[in-house]
Amino acid sequence: MLKVGFVGWRGMVGSVLIERMLTEKDFDGSFSPFFFTTSNVGGKGPDVGIDAPPLMDAFSVKELSAMDVVLTCQGGDYTNEVHPKLRAEGWNGFWVDAASALRMKDNAIIVLDPVNKSTIDQGLKDGVKDFIGGNCTVSLMLMALGGLFEKGWVEWMTTMTYQSASGAGAKNMRELIKQMEKIGAVDESLKDDRGDILKLDTAVTAAMSSDAFPASNFGAPLAGSLIPWIDKAMENGQTKEEWKGVAETNKILGTTTQIPIDGQCVRVGAMRCHSQAITLKLKGDIALSDIEATIASHNEWVRLVPNTKEDTLTHLSPAAVNGKLTVPVGRLRKMNLGPEYVTCFTVGDQLLWGAAEPVRRMLRICLLHLQAKA
């Protein structure tokens, strides 16, 4: 029976992955699961309805080499340390990874099968062994607007992101809650509708400016504020998160002529789900009805939201999509800049289509490929 090793299954992305696999009944007996750990070798793994041996050593090349597929959500540092050693020992299994470390390698494919299934299939035929989940905002943008790219209508695009705390990890999510608690702990009398609003504002500002305000993970207040910087600096003035927009989108799409993409990535005080305000220049004056139909028909998860206040408030927010696979697109309209300019707003759960779901689906694709060859 095929053997699948899971690494990083206890973290935020890994937990969502296991939850999704249980929901979809992926642990169906068609493969043997083995759970690896970096800190608790010999311990008990998760309950997935199938017997599995005690936790195995995630740094053991010998134990990993026995796997047909390794699926890791452990992060880039782990990948950079273990993956080269595993390949150097001659392991020829499939490496499926949610981290960014291998995304731009020539011998790796960024996976988002509703968008680039043909590229994945060709890679399997060509002997590609490394299949990597994409950047969260890139994957969500392509789930939303993949139809426009598929038609070849996009000349260039800019996206302004509103990225949640969970994109930075579990510690940052907890820090956001602690920041909210600090802000909420101001004098109760100031919260009364009859209270002095300027005094309330002053108290909140003082709390956020205090040395006691918890900000060791974010480096700045996020609750009641925002942080217009994600990831490290690039030489051209972008952050790496912004650079991923152009680099990963074009790699996923397999473009021969690069589609220019740029924007600003901003961390906001949402717990989960990333939003994006997008401007596109299309290659011509395409009817809005055709744009709407192309977006809505691209995949089964995208949802076109009518451009009304009621529909926007109901369907187009992190609160509306948390924990859901649907990717709504709304505020869609032509712009005053000219008939070929279009703007829209989209939001999606970055722990699902932005992280766990593409690698979950890639695991199934790998297993079907291996079963077909057997």
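Each value, and the rule that gives it
- Residues numbered from 1 in each chain as written.
- Predicted model: local features only at pLDDT ≥ 70, side-chain atom pairs only at ≥ 80, totals over all residues.
- Heavy atoms only, no water.
- Helix = DSSP H or I, 4+ residues; strand = E, 2+ residues; numbered from the N terminus.
- Buried < 20%, exposed > 50% of the residue type's maximum accessible area, 1.4 Å probe, protein only.
- Contact = heavy atoms within 4.5 Å.
- Expected span 1.5 Å × (residues − 1).
- Bend = angle between axes of the 7 residues up to and from the residue.
- Phe/Tyr/Trp six-rings, centres within 6.5 Å; stacked < 30°, edge-to-face > 60°.
- Lys NZ or Arg CZ within 6 Å of the ring centre and 35° of its normal.

Draft legend 1. Main features of the environment of isoleucine 50. Along the chain, isoleucine 50 falls in the loop between β2 (31-37) and β3 (56-57). A relative accessible area of 24% means that isoleucine 50 is categorised as partly exposed. Sequence separation between isoleucine 50 and glutamate 81 is 31 residues; the distance between their C-alpha atoms is 30 Å. Those residues in contact with isoleucine 50 that lie beyond four places of it in its chain are Phe27, Asp28, Gly29 and Pro33.

Draft legend 2. Focus on helix α5 (residues 136-150). Given a rise of 1.5 Å per residue, 15 residues ought to cover 21 Å, and the 20 Å separating the end C-alpha atoms of α5 matches this to within 8%. Of all the bends in α5, the largest measures some 65 degrees and sits at alanine 144. The buried fraction of α5 amounts to 14 of the 15 residues, a majority that puts the element mostly inside the structure. A positive phi of about 75 degrees marks glycine 152, the residue just after α5.

Draft legend 3. Spotlight on the packing of aromatic side chains. The final tally for this structure, using the stated rule, is 11 aromatic pairs. Look at phenylalanine 6 and phenylalanine 31: their rings are 6.4 Å apart centre to centre, the planes differ by 45 degrees, and that puts the pair in the tilted class. With phenylalanine 6 in strand β1 (residues 2-7) and phenylalanine 31 in strand β2, this residue pair connects regions lying 25 residues apart in the sequence. When sorted by exposure, phenylalanine 6 lands in the same class as phenylalanine 31, which is buried. Seen from their ring centres, phenylalanine 59 and tyrosine 78 are 5.6 Å apart, and the 65 degrees between their planes marks the pair as edge-to-face. In this pair, phenylalanine 59 sits in the loop between β3 and α2 (61-65) while tyrosine 78 sits in helix α3 (residues 76-88), placing the two residues 19 residues apart along the sequence. Feature note: the residues Phe6, Trp9, Phe27, Phe31 and Phe35 constitute an aromatic cluster, connected by ring pairs. The positively charged end of arginine 10 is found above the aromatic ring belonging to tryptophan 9, 5.5 Å away from the centroid. One cation-aromatic arrangement involves lysine 129 over phenylalanine 94; the distance from NZ or CZ to the ring centre is 4.4 Å.

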